[in-house]
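Residues per chain, in single letters:
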Amino acid sequence: MDSLETLVARAAPGHRYVLWDLWKGLFPAAADREHAERALDALAAAPPWLWLELDLARRAMWYSAPTVAPVPEPRGLWRLRRRPPAPDTPLAVLAAACAHDGHERERAVRHPAMRHDSRLLPILAIRTADWVPEVRSAAAGALEQVLVEPTATVLAAVAPVAVRLRKRRRGEAAVRMLRDAITRAGDEILTSLRGSPDIPTRRFAYRACLDAGRLSEADLVHAARHEEDIVCRTLCAEAVAGLDRPDLLRGLLANRAARVRATALAALVRLGAPEHGERMLGDNSPVVRLTAQWAVRRAGGDPAEFYRRLLGERPGHGLRRLVAGLGECGTSADAPIVLPYLADENPRVRAEAVRATVRLGARIDLAAMLVDPAPVVVRHVAEALRDKPPPADRLWPLLGDGRPPHVRRAARRLLAGTGTWNRLKTDLILLSGSDEPLRERARVGVDDWLARWAATAYAEPSEPLRRELAALVERAYDALGEQTAHLLRWHLRL
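The structure presented is a predicted model; accordingly, all values stated were derived computationally and were not measured.

### Describing the overall build of the protein
Here's step 1: The helix and strand inventory of the protein stands at 31 helices and zero strands.
Here's step 2: Per-residue burial for the protein yields a buried fraction of 52% across its 494 residues.
Here's step 3: Taking the intrachain contacts of the protein between residues at least 6 apart in sequence as the baseline, contacts between residues at least 24 apart amount to 61%.
Here's step 4: Accessible area of the protein: about 23,900 Å², with a carbon and sulfur share of 51%.

Structure, rendered in structure tokens:
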């Protein structure tokens, strides 16, 4: 049984052969009650996606793997095929419910163990989306009986799989039954479901509770302040915003989640309290700053004036946020205010100044900042120059081994936009360098050039460039390999 538990731990989406090996271990285990119980416990503790993958892999053993040796099925499955008597173990029922034969699947979902053993409920939920109408109907009937009086154990078993069936063509039945069960469940059960470690289940539970009005005002406020998942927290904050309670919304303005702060501020503005916008203008989040700027305009003010005034005072704290804010709502006349911060000692301030100067339309030589010692600054500069890269002659020196890796990466990214042959030349140069991560990127880049860009190289390279590329191919021959080097020489007409 240790091997089965190891296989469950090793399984990953798309790893069909691991799942086949798992089935090969489950078949003989299903005939032994003690082993079957341990195997089913291991599956019950597995992630929800494993049930969906395991179901598909069971039939793939018949249809997609003729080279896989036949696996003897347990006695319980053979007896189930002959209808009475019933299979010996719940694990045998599980295996039959995944069989390629629709009659087997139908008999399995009608088995009493499907309704009484919560460990089988995930596969019962999957069978409600079966492609055979009779199987689908039998599974839906059984699941509906199980969910008449839902318990925490039942919902914890059904919900993670059911929410993943929404993407299937026939998965709406399980989702509908789960939503109806949530509306009938007790408060303690719903609290447990909203605390599920499975994020899709957690979000579905919150949405279902909100739609059914099953969350009290205190629950909404608590979740909006403390819920770990940002989507659930935002959903509850939006619900609090619909209560028209400014006192509750003011308490959310200091929330650590930016989307909650923005939601609370927007709701306060709609309720006629735009004065809260000014104190949020220096927020760390762009979405909150933009909402605050809108609030200040609704109050008749100019948010850019706020940033100009504070930047004129040259504050030591929050400088990055002020520079970013002026870039978001200022005009071209504000560019001189931002330009000095391109030389600030704080890399984050320099990076925001780069973005702000681009937004304000300042005419400066950004390419000179490609040698900045801070990767975050160079990354922002490269992004700003992406559509209009500087001449290639200014970028080639940045590829040298003496340059920091972040400078060489930025130069490579920009040179790729200066022409098809320059893209190839860049990667060939880096292949001859000593930086292994950049060498690996260059290897991938050469393969990508051959697969996608070589066909668009309609104009041949100039003769000097051709000779240079030929020399680079020879220098990087060992890294390229014989076949790739030969193909490059063919494209170069050598």
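### Some remarks on the nonpolar core
Here's step 1: One finds L43, L91, L94, L370, L428, L480 and L488 to be the most contacted residues of the largest nonpolar core, which totals 158 residues.
Here's step 2: When near neighbours in sequence (up to four residues on either side) are disregarded, L428 contacts V446, L469, L472, V473, A476, L480 and L488.

### Some words on the side chain of D117
Here's step 1: You can see D117 is positioned in the loop between α8 (112–116) and α9 (121–127).
Here's step 2: There is a polar contact of 2.9 Å between the side chain of D117 and the side chain of R119.
Here's step 3: Apart from residues lying up to four places away in sequence, D117 is in contact with L40 and P90.

### A word on the environment of P397
Here's step 1: Inspection of the secondary structure assignment puts P397 in the loop between α25 (392–395) and α26 (405–415).
Here's step 2: Each C-alpha atom of the pair P397 and R408 lies 9.2 Å from the other, and the pair is 11 residues apart in sequence.

### As for the pattern of salt bridges
Here's step 1: On inspection of all chains with the given rule, the structure shows 36 salt bridges.
Here's step 2: We note a salt bridge from R320 to E352, for which the minimum N-O separation is 3.6 Å. In this pair, R320 is assigned in helix α21 (residues 319–329) and E352 in helix α23 (residues 347–360), connecting sequence segments 32 residues apart.
Here's step 3: Relative accessible area serves as the criterion here: at 27%, R320 is assigned to the partly exposed category.
Here's step 4: The exposure class of E352 is buried, given its relative accessible area of 11%.
Here's step 5: Through salt bridges that share partners, E37, D41, D117 and R119 make up one connected network.

### Looking at the packing of helix α16 (residues 230–241) against helix α18 (residues 258–270)
Here's step 1: Closest axis-to-axis distance for the α16/α18 pair is 9 Å, and the angle between their directions is 10°. In terms of axis orientation, α16 runs roughly parallel to α18. Contacts between α16 and α18 involve I230, V231, R233, T234, A237, E238 and A241 on the former and, on the latter, R259, V260, T263 and A267.
Here's step 2: Residues of the contact of α16 with α18, tallied by class, amount to six nonpolar, two polar and three charged.

### Description of the packing of aromatic side chains
Here's step 1: One pass over the structure, following the stated rule, counts two aromatic pairs.
Here's step 2: On the numbers, 5.4 Å between centres and 50° between planes, the contact of W421 with W449 is tilted. Of this pair, W421 sits in helix α27 (residues 420–431) while W449 sits in helix α28 (residues 436–453), and the two are 28 residues apart along the sequence. An identical accessibility class is assigned to W421 and W449; each is buried.
Here's step 3: The ring of Y206 has R194 lying over it, and the distance from NZ or CZ to the ring centre is 5.7 Å.
Here's step 4: Over the face of the ring belonging to W396 we find K425, whose NZ or CZ atom lies 4.0 Å from the ring centre.

What counts and how
- Residues numbered from 1 in each chain as written.
- Predicted model: local features only at pLDDT ≥ 70, side-chain atom pairs only at ≥ 80, totals over all residues.
- Heavy atoms only, no water.
- Helix = DSSP H or I, 4+ residues; strand = E, 2+ residues; numbered from the N terminus.
- Buried < 20%, exposed > 50% of the residue type's maximum accessible area, 1.4 Å probe, protein only.
- Contact = heavy atoms within 4.5 Å.
- Areas by Shrake-Rupley, 256 points an atom, 1.4 Å probe, with all protein chains shown as cover.
- Core = buried A, V, L, I, M, F, W, Y, C linked by side-chain atoms within 4.5 Å.
- Polar contact = N/O pair within 3.5 Å; in protein donor to acceptor, adjacent residues only side chain to side chain.
- Salt bridge = Lys/Arg side-chain N within 4 Å of Asp/Glu carboxyl O.
- Axes fitted to C-alpha atoms, helices over the stretch in contact; angles between N-to-C directions.
- Parallel < 35°, antiparallel > 145°, perpendicular 65-115°, else oblique.
- Nonpolar A, V, L, I, M, F, W, Y, C, P; charged D, E, K, R; others polar.
- Phe/Tyr/Trp six-rings, centres within 6.5 Å; stacked < 30°, edge-to-face > 60°.
- Lys NZ or Arg CZ within 6 Å of the ring centre and 35° of its normal.

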